[in-house]
Every structure is written in C-alpha cells, then in structure tokens.
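Take a look at the letters that make up each chain.
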Amino acid sequence: MTQTLHLKAPENWINDPNGFLYYKGNYHLFYQYYPYGPRWGTMHWGHAVSKDLVTWDHKGIALHPSVPEDEDGCFSGSAVEHDGKMVLFYTGVKCDRPEHAPKEGFREPFTSTQLKIESEDGFTFDNEGGKAVILPALDDPAVGDRMHTRDPKVWRGTDAWYMILGTQTADEGGKLLIYRSEDLDTWELKSQTSMHRALGWMWECPNYFEVGDQKVLLLSPMQMIKDGKVYDSHAISMVVGFDESTCRLDLPEEYELLDYGMDLYAPQTTLDEEGRNILVGWMRMPEAVDGRWNGMFCMPRVVEVENGHVYYRLHPNLKKAFSREIRSPKEASSQGYSIHLDLEEGEAMYVGGYRIARKGGRIETDRSAVLHGHPELRSQFFSPTLKDGCRLDIYVEPNLIEVYINDGEYVISNIVYDLTGELAVPLGKDVLLKTTE
Ligand code: FRU
C-alpha cells in the first residue's frame, strides 16, 4: 500500500513515529501500531519506507510482542545505523497482573524495559531471536519510575553513543535520564534532569538533536495543560545546553509549543539525505475515518534555529510536490492543495469552512465548522505574536490543515473532518493555489 504526502494508518490505529532513519538509500519510518482495530491497544511497530519523504510504501509489521519483556507491547523508540546495520531501540512493556492483558485490555501497573534489535537490511527483524535487553526495569525510585520510563532516543555524539529516556521523579514530576555507551550494548547512566516547576507528571518521547552549534530538546509532557479540554499532553520544543563529557543537560525557563494547533504529539527527528534535521509528529484524531483508520503524521518538516527561535519549515521535497498551479480547490488532486498569500492585520479567510484570521498581531484559527460532534476538543488556536509580516503557506488535505506562518516561524496544524470545497479570501487578494500532479 502506498500513500503520498502524509503517512497514515494503513488501517486500524497508529500513534507515535518511531525509528525514523535514512538508511541504505531509503527513509525508514516505523510507527506505533495496533493491527486489530482503530483504537490504541497492544503495541506493535508498523513499518513504511520512502525514497523521497513524499511517497510512503507500507511494509507491514516490523516488531511484535515476542519476549517476556515486551509481552504487552513494543512502545516507542528510535533507530541508528552502526557497522552497516540498522539498530532499533524501544521500550518493552509487560502488565504486572496477568489478568490485565491482553484479554482485559492494557492496564497499569506495568513494567518497562529498554530493548534493542538489529537488522542487516532494514527490512527483516528477528523478533524471536534478535531482541536483547539493554536496560532492565528501574528499581530505584530515586532514579526513575519502574513503570513510567520509556521512549529511548539514541544518537551518535563526537566519541560515543548517547541515549535519552523519559521518566518520572519520586514526587511525580517529569524527568530525563541520559546514558552513554561505547558499543550500543552496555549503557552507563550519566545524568538526571528534572525541572523545579511543574511541567506534567511524566515526559514522553524526549528527542535531543543539534542544529549547527544549537542544541534542541523536544518533550511531550503528560497533562501539562489542565483546563479540562482535550488534549492535555503537548509536544514542546526548547533550545538547551548539553555537555557531552558530563551529559549535563541545562533546561531553559522558556519553552514553546512545537505546533500551535495542539493536535501534534510525540514528534521524532532524524537527519535527511542532505544532513538536515527533519521531523514528523503524530496528528491525534478523535475518531476513525470511515470507521476504519485512525492516526496520521504531519508532513516532514525541516528544523532550524534562528536567533534562539526554533523554526519548523515544510521539507523542500514536499514543497516541490505541490507543482501544479490551479484556479480553485475544485481542480485539486485527491491529495489536496496548497494556498499561498499574505494576510493583513484584521483580515480573515475560510478554507473549506476552517477560519484563519490575523488579529492583534497573531494568527488565530477556528475549526468549529469543520469538526462536528467533539465539544471536548479545543476549536480555537492562536500563534504567539508574529515578528514581522504574515506570509501564509497553507496545506490542505481532507483530514488535516497545516498553516505555516512566515516560513515556519510558527505552525498551526489541525485535524478536521468536515471540510467543504469552498475557499473564501479577502476581495482582490493575490493568492496562489497549487496541487500535486
Ligand atoms: C506517546 C506514548 C509513548 C509510548 C507510546 C505507546 O504517545 O504514550 O510514551 O511509548 O505512546 O503507544
């Protein structure tokens, strides 16, 4: 099965991107996958590959529960290349009370172990004989939680391998553990980092990477915004300090939402063919499409840092895919279309019923007309105050609108279900519309 522009659940359910890696001429993108229905359940790793980040070919299931440590799921993780092999790292989970899984559904308490599996070619995975425990479940609450420790992200530093894990402090705050290894098998705990002020009760999917001499950390803190609305867990990004010799990580006071549409979660980065840092994130969906599939990823974005601010720009390969100019959305291909224009202060536009306005120096969006039946979800979204001007590049497909503001200064991406084919922009506006071939 092939998909274009966005990787989506081939059927059933997907959540986080996992093991994103350019390896032997292909982009490999794995994902949290439940193969038996459009809902979260015992986690597998699904697998898709692409030559260009635009067209994805689904390859089926790469990892499935097969050893005692991952009996109840293969949770999120990452990939690196070493000695020509693809090496995957992930969290295996096992429910502590056997009656809780899988018949009764996955339930706490559970035990989390960090595992590794290698592949010679990136396509075959020996689930029966190839899995190895690299970090047993934590047994010291002063280090982290036995249950809530997960999502290993591994990267190559100047002279060793490093791994960052999300965990929980003894008093239920978010925490990070950084390990170091010479050989990817033996890992030594080097540093522990938490924040003084509350930022959720556990930090999922930590992702550290370097952009030139800037260091960036992404986190997905659980329940960081408690205003009674869905969602309460969000992906954030920040410029940090990191010293390889000590693994000391310095977190700043300030952080930003990675995407102001507040649907994007659990993002992961890797390097593309040209060495750019690229990112995909899970776009959370409140219901299955046609009752069949739930979950998709945003289009791949390039991460850049300018003057201490992290930019998320649409990857050039994706920009290029929108190559054909059209006069109306009605001429668009089934993949969707893009809209390019400048919006002045006080102006508003409607994309298939989705409202985008520039007001008070910010961009605000409203999806209430295109997402019916979900009062629990937020419907209005706001960018921070824009620095200068307001160029919008808007990418529209049936279930997702991605609004890039000033080439990635901010992005607002929203899941929608009820778009119409109408486009309304202020009178006399200079607008460029494009679609894929
Ligand atoms: C984030 C997350 C991860 C976990 C995975 C389980 O969405 O909860 O922390 O590994 O999903 O599917």
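Summary of the structure given here.

Rules used throughout
Residues numbered from 1 in each chain as written. Predicted model: local features only at pLDDT ≥ 70, side-chain atom pairs only at ≥ 80, totals over all residues. Heavy atoms only, no water. Pairing = 2+ DSSP bridges. Helix = DSSP H or I, 4+ residues; strand = E, 2+ residues; numbered from the N terminus. Buried < 20%, exposed > 50% of the residue type's maximum accessible area, 1.4 Å probe, protein only. Axes fitted to C-alpha atoms, helices over the stretch in contact; angles between N-to-C directions. Polar contact = N/O pair within 3.5 Å; in protein donor to acceptor, adjacent residues only side chain to side chain. Phe/Tyr/Trp six-rings, centres within 6.5 Å; stacked < 30°, edge-to-face > 60°. Lys NZ or Arg CZ within 6 Å of the ring centre and 35° of its normal. Salt bridge = Lys/Arg side-chain N within 4 Å of Asp/Glu carboxyl O. 1 Å grid on protein atoms, 1.4 Å probe; cavity = no way out; pocket = protein on both sides within 12 Å on 5 of 7 lines; lining within 4 Å. Points joined across faces, edges and corners; volume = space filled by probe spheres on them. Nonpolar A, V, L, I, M, F, W, Y, C, P; charged D, E, K, R; others polar.

A few words on the pairing of strand β16 (residues 236–243). In this structure, strand β15 (residues 214–221) lies alongside β16, joined through five bridges in antiparallel fashion. Paired with Leu-219 across the bridge in β16 is Ile-236. Across two bridges, β16 lies against strand β18 (residues 256–257) in antiparallel orientation. Each bridged residue has a counterpart across the sheet, and for Ser-237 the counterpart in β18 is Glu-256. Relative to strand β17 (residues 248–250), β16 runs antiparallel, the two being bridged by three bridges. Bridge pairing in β17 places Gly-241 opposite Asp-250. Linking β16 back to β17 in an antiparallel pair, the connection comprises four residues, with Cys-247 at a positive phi of about 65°.

Omega for the peptide link from Glu-108 to Pro-109 comes to -5°, which places this bond in the cis form. Within the secondary structure, Pro-109 is located in the loop between β7 (85–95) and β8 (110–119). In this structure, Tyr-231 follows Val-230 across a cis peptide bond, with omega equal to 10°. Even without a glycine there, the phi angle at Gln-223 is positive, about 55°. Here Gln-223 is to be found in the loop between β15 and β16. Positive phi values are uncommon outside glycine, yet Asn-406 reaches one of about 50°. Looking at the secondary structure, you find Asn-406 in the loop between β32 (400–405) and β33 (410–415). For Asn-406, a relative accessible area of 15% translates into the label buried.

What follows concerns the sheet that holds strand β25 (residues 324–326). Sheet architecture is open: six strands sit in the order β25-β35-β26-β31-β32-β33, paired in antiparallel fashion. The strands lining the two open edges of the sheet, one partner per strand, are β25 and β33. For this sheet, the mean inter-axis angle between neighbouring strands, taken without regard to orientation, is 20°.

We now examine the side chain of Thr-436. Looking at the element boundaries, Thr-436 is found in the segment after β35 (432–435). A distance of 2.6 Å separates a polar atom in the side chain of Thr-436 from a polar atom in the side chain of Ser-333.

Turning our attention to the environment of Gly-360. You can see Gly-360 is positioned in the loop between β28 (354–359) and β29 (362–366). Along the sequence, Gly-360 and Glu-345 sit 15 residues apart, while their C-alpha atoms lie 7.3 Å from each other.

Another aspect to go through is the packing of aromatic side chains. A complete count under the given rule lists 22 aromatic pairs for this structure. Between Trp-40 and Phe-106, the aromatic rings sit 5.4 Å apart at their centres with planes inclined by 80°, giving edge-to-face as the arrangement. Note that Trp-40 is positioned in the loop between β3 (26–34) and β4 (44–50) and Phe-106 in the loop between β7 and β8, a separation of 66 residues in sequence. The partly exposed category is assigned to Trp-40, whose relative accessible area is 34%. Plain terms: the ring middles of Trp-45 and Tyr-90 are 6.1 Å apart, the flat faces sit at 65° to each other, and that makes the pair edge-to-face. With a gap of 45 residues between them, Trp-45 in strand β4 and Tyr-90 in strand β7 connect regions that are remote in the sequence. Of the two residues, Trp-45 and Tyr-90, neither departs from the other in class, the shared state being buried. Just above the ring of Trp-161 sits the side chain of Arg-156; from NZ or CZ to the centre is 4.9 Å. Here the basic side chain of Arg-284 rests over the ring of Tyr-231, its NZ or CZ set 4.0 Å away from the ring centre.

This brings us to the pattern of salt bridges. When charged atoms on two side chains of opposite charge get close, those side chains can pair. Scanning the entire structure with this criterion turns up 28 salt bridges. Between Asp-70 and Lys-131 there is a salt bridge, and its shortest N-O distance comes to 2.6 Å. Remark: Lys-131 occurs in strand β9 (residues 131–135) and Asp-70 occurs in the loop between β5 (55–63) and β6 (74–82); sequence separation between them is 61 residues. Look at Lys-131 and you get buried, because its relative accessible area is 13%.

Before going further, it helps to examine empty space enclosed by the protein. Tallied over the entire structure, the rule returns three cavities of 30 Å³ or more. Size it by volume and the largest cavity reaches roughly 70 Å³. If you trace the largest cavity, you find 13 residues lining it, with Gly-77, Asp-151, Cys-205, Pro-206 and Gln-268 closest to the centre. Among the elements of the structure, β2 (12–23), β6, β10 (150–156), β14 (203–211) and β19 (264–271) are those that each provide at least two residues to the lining of the largest cavity. Per-class residue counts for the lining of the largest cavity are six nonpolar, five polar and two charged. Within this model, the second largest cavity holds a volume of roughly 50 Å³.

Fair warning: the whole summary comes from geometry, so function is off the table for now.
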